[in-house]
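Residue strings, one per chain:
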Amino acid sequence: MVAPRDPSEPAFDWQDLRASIHRRLRFHLRGWPAAEIEDAVQDVLFKLLRFLERSGSPDNLDGLVTVIARRTAVERIRVRSRRPAHEQVDDHSVVAPDDTERHELAELEEQTTWRAFLVIEFFREHHAPCVELADARSRGIDFKALAAQTDQSHLALLQRWSRCMKRLRTAIEAGKLPWDGPGGRT
């Protein structure tokens, strides 16, 4: 039998906890229908309650929720991937993002494009040897492929990129770059 819960321990805010779980699962299960994500949220809450019944209040609730949500997402992905190859894909399982997600994705893409541009321009102005690597990185070219095209080894390119990133981090920390976008938006 489980010992009674200590009344001095703080109670959980279940609404915040549920919102946190939903956000984590939406990240792990991107593109899944809202109903399936909601089922996964319920599954995580059930597993969390079972854990709390058995073990009591955890030392790190956020860490526990992260682990349970990630394991639940991986489990559901594995189950879905076991679908036989000859089975037809249901049109309802491939869902376009809703307006909120579409806006978030557009904003993320804009930030990503802005930051790639910013990195290339920073290196063009302050450290020209890094421009080639930053440009390759922004176009999705792997450093192994770049090494095959140039006379440098893959390791040499990685070391050079590491030095470039240190310079970039130093500039960002010093506030020399509008990292959050033009006009300092967040």
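For the structure, check the block above.
Residues numbered from 1 in each chain as written. Predicted model: local features only at pLDDT ≥ 70, side-chain atom pairs only at ≥ 80, totals over all residues. Heavy atoms only, no water.

### Overview of the pattern of salt bridges
Inference 1: Here the structure, examined in full by the defined rule, presents 10 salt bridges.
Inference 2: For K47, the salt bridge identified is with D43, shortest N-O distance 3.6 Å. Linking K47 with D43, this pair stays in helix α2 (residues 34-55), spanning 4 residues, or about one helical turn. For the pair K47 and D43, one class covers both residues: buried.
Inference 3: Put simply, R76 and D43 hold a salt bridge, and the shortest N to O gap is 3.7 Å. Of the two residues, R76 sits in helix α3 (residues 61-81) while D43 sits in helix α2, which places them 33 residues apart along the sequence.
Inference 4: Here the residues in one salt-bridge network are D43, K47, E75 and R76, joined through shared partners. (Salt bridge = Lys/Arg side-chain N within 4 Å of Asp/Glu carboxyl O. Helix = DSSP H or I, 4+ residues; strand = E, 2+ residues; numbered from the N terminus. Buried < 20%, exposed > 50% of the residue type's maximum accessible area, 1.4 Å probe, protein only.)

### Quick notes on the packing of aromatic side chains
Inference 1: Scanning all chains against the criterion turns up 4 aromatic pairs.
Inference 2: For the ring pair F123 and W161, a centre distance of 6.3 Å and an interplane angle of 65° mean the geometry is edge-to-face. Of this pair, F123 sits in helix α4 (residues 99-126) while W161 sits in helix α7 (residues 154-173), placing them 38 residues apart in sequence.
Inference 3: Its relative accessible area of 0% is what places F123 among the buried residues.
Inference 4: Taken together, the ring pairs in this structure connect F122, F123, F143 and W161 into an aromatic cluster. (Phe/Tyr/Trp six-rings, centres within 6.5 Å; stacked < 30°, edge-to-face > 60°.)

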